[in-house]
Amino acid sequence: MSAKIISGTEVAKTIREELAAEIAELKAKHNVVPGLVTILVGENPASQSYVAAKNKTAHALGIHSEQVTLPADTSEADLLKIVEKYNKDPKINGILVQLPLPKHINETKVLYTIDPEKDVDGFHPVNVGKMVLGEQCYLPCTPHGILELLKRSGVKTSGAEVVVIGRSNIVGKPIANLMLQKRDAGDATVTLCHTRTKDLAAHCKRADIIIAAVGVPKMVTADMVKDGAVIIDVGVNRIGMSESGKAILAGDVDYDAVKEKASFITPVPGGVGPMTITMLMKNTVQAAKQAAGLI
Ligand code: NAP
């Protein structure tokens, strides 16, 4: 069997078209323009390119976007003041502080200062708590994107054995939690694995769906995957440089071998990656609708 490829690029394109139409309607009918501010501290090249992509996407969709770029030696107090300023700014519905922050700044303190109503990354404990309780909230963007990929590909999750590898706060823990809830793309039986898991391969071999969010290139091999399993590969690992100087990327899954056994698989790049920014835009639109009393 050769797996059906779940193209995040295609699904993201469809969702962006839906969002562009929704944003145009919000403006025409309610004079509401969603607003997003991205705050970048320092000159980490990966962070610079993520923030640029977020602003470009926001702009293309008709979202009002502002970008704040601060020097690496910005004090924690100054950054908190900027966050508080945007908490009060009615033009801004979503505040995104790009992580990681320089070491002298307490990330937790900064994330906790963002108004939960504007926390479109879904990292504030109020939103995390609501997510766990299954209440309306902003879902963290990468797990939210995975749910959309599963739904829109017609993958049945109810009753499925799901193995999530990786327990980070931004991917592993939230996706494991979301998939066990009584909801669309949920109702699964979930096992969450990490470095202390005794026999990772044994867990994976039983899984109907494997979600790998590890950061180790090609660690999920074909012998760990049962025939017909669905594979969601979150990993983005640089494994070299092309002659033209472009990074060569690999996921956490040995794609070429595993796609011969799986029923569905996400590629890297072009799988989960394009969904993350798209869901940030979706959360920003949700924030604007909430602020306008439309939901
Ligand atoms: P992270 O915070 O570094 O967490 C990695 C997790 O993997 C940890 O829980 C760790 O276990 C576990 N782990 C590491 N090696 C393992 C092994 N050999 N066996 C079992 N578990 C192992 O990573 P993250 O932020 O979740 O990111 C994971 C990957 O996804 C990275 O490649 C990242 O670049 C990518 N990512 C992609 C997107 C996207 O939009 N496509 C978004 C976010 C992240 P312990 O807890 O025991 O240490």
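As a reminder, the structure under discussion sits directly above these lines.
Residues numbered from 1 in each chain as written. Predicted model: local features only at pLDDT ≥ 70, side-chain atom pairs only at ≥ 80, totals over all residues. Heavy atoms only, no water.

Peer 1: Can you walk me through the overall build of the protein in this structure?
Peer 2: Helix and strand counts for the protein stand at 10 helices and 11 strands. Referenced to the eigenvectors of the C-alpha coordinate spread, the extents of the protein come out at roughly 55 × 40 × 35 Å. The 295 residues of the protein split such that 49% are buried. Expressed as a percentage of contacts within the protein between residues at least 6 apart in sequence, the contacts between residues at least 24 apart total 70%. On the protein, roughly 13,900 Å² of surface is accessible, and the fraction owed to carbon and sulfur atoms is 54%. The protein carries 34 positive and 32 negative side-chain charges, and their two centres are separated by 1 Å. (Helix = DSSP H or I, 4+ residues; strand = E, 2+ residues; numbered from the N terminus. Buried < 20%, exposed > 50% of the residue type's maximum accessible area, 1.4 Å probe, protein only. Contact = heavy atoms within 4.5 Å. Areas by Shrake-Rupley, 256 points an atom, 1.4 Å probe, with all protein chains shown as cover. Lys, Arg positive; Asp, Glu negative; His and termini not counted. Charge placed at Lys NZ, Arg CZ, Asp CG, Glu CD.)

Peer 1: How should the pattern of salt bridges be read in this particular structure?
Peer 2: For side chains bearing opposite charge, pairing can occur when the charged atoms are close. Applying the stated criterion to the full structure yields 12 salt bridges. Here Asp-78 ties to Lys-81 by a salt bridge, and the two come within 3.7 Å at their closest N and O atoms. Here the residue Asp-78 and the residue Lys-81 both occupy positions in helix α3 (residues 76-88), the gap between them amounting to 3 residues, near one helical turn. Since its relative accessible area comes to 38%, Asp-78 is described here as partly exposed. A residue is classified by how much of its surface remains accessible, and Lys-81, at 55% relative accessible area, is exposed. In this structure, the salt-bridge partner of Arg-152 is Glu-148, at a minimum N-O distance of 2.8 Å. (Salt bridge = Lys/Arg side-chain N within 4 Å of Asp/Glu carboxyl O.)

Peer 1: Looking at this structure, I do not really get the environment of Gln-181. What am I missing?
Peer 2: Relative to the elements of secondary structure, Gln-181 occurs in the loop between α7 (172-180) and β6 (189-193). In this structure, Gln-181 is in contact with Met-131, Val-132, Gly-134, Gly-186 and Asp-187, ignoring residues within four places of it in sequence.

Peer 1: Looking at this structure, how should I read the sheet that holds strand β2 (residues 35-41)?
Peer 2: What holds strands together in a sheet is hydrogen bonding between their backbones, with the strands either parallel or antiparallel. The parallel open sheet is built from 3 strands, whose spatial order is β3-β2-β4. Both edges of this open sheet fall to β3 (64-70) and β4 (94-97), since each of them pairs with a single strand only. Neighbouring strand axes in the sheet, compared pairwise and without regard to direction, differ in orientation by 15° on average. As paired elements, β2 and β3 share 7 bridges and run parallel to each other. Bridged to Ile-39 within β3 is Val-68. Packing against the sheet, helix α2 (residues 45-61) makes contact with β2, β3 and β4, and its axis sits at approximately 170° to β2. Set on the sheet, α3 makes contact with β2, β3 and β4; between it and β2 the angle comes to about 180°. (Pairing = 2+ DSSP bridges. Axes fitted to C-alpha atoms, helices over the stretch in contact; angles between N-to-C directions.)

Peer 1: Which parts of the structure should I look at to understand the packing of α2 against helix α10 (residues 273-291)?
Peer 2: Helix-helix packing is characterised by the crossing angle of the two axes and by the distance between the axes. Packing of α2 against α10 leaves a shortest axis separation of 10 Å and a crossing angle of 50°. When the axis of α2 is compared with that of α10, the two are oblique. α10 is crossed by α2, and the crossing has right-handed handedness. Each of Ala-53, Lys-54, Thr-57, Ala-58 and Leu-61 in α2 lies in contact with α10, whose residues at this interface are Ile-277, Leu-280 and Met-281. Partitioning the contact of α2 with α10 into residue classes produces 6 nonpolar, 1 polar and 1 charged. (Parallel < 35°, antiparallel > 145°, perpendicular 65-115°, else oblique. Left-handed = near helix turned anticlockwise from the far one by under 90°. Nonpolar A, V, L, I, M, F, W, Y, C, P; charged D, E, K, R; others polar.)

Peer 1: What's the story with the layout of surface pockets in this structure? I'm lost.
Peer 2: Think of a ball as big as a water molecule: rolled over the atoms, this probe shows where empty space is left. For the second largest pocket, the calculated volume is near 330 Å³. Counting only elements with at least two residues in the lining of the second largest pocket, the list comes to α1 (8-30), α5 (125-133), α6 (141-152) and α10. A breakdown of the residues in the lining of the second largest pocket according to their chemical character gives 7 nonpolar, 6 polar and 8 charged. (1 Å grid on protein atoms, 1.4 Å probe; cavity = no way out; pocket = protein on both sides within 12 Å on 5 of 7 lines; lining within 4 Å. Points joined across faces, edges and corners; volume = space filled by probe spheres on them.)

Peer 1: What exactly am I supposed to notice about the sheet that holds strand β7 (residues 209-212) here?
Peer 2: The parallel open sheet is built from 6 strands, whose spatial order is β1-β11-β8-β7-β5-β6. Taken across any chain shown, the strands that pair with only one partner, and hence form the sheet edges, are β1 (4-5) and β6. As judged from the 2 bridges shared by strand β8 (residues 230-233) and strand β11 (residues 264-265), these two strands associate in the parallel manner. Of the residues in β11, the one forming a bridge with Val-230 is Phe-264.

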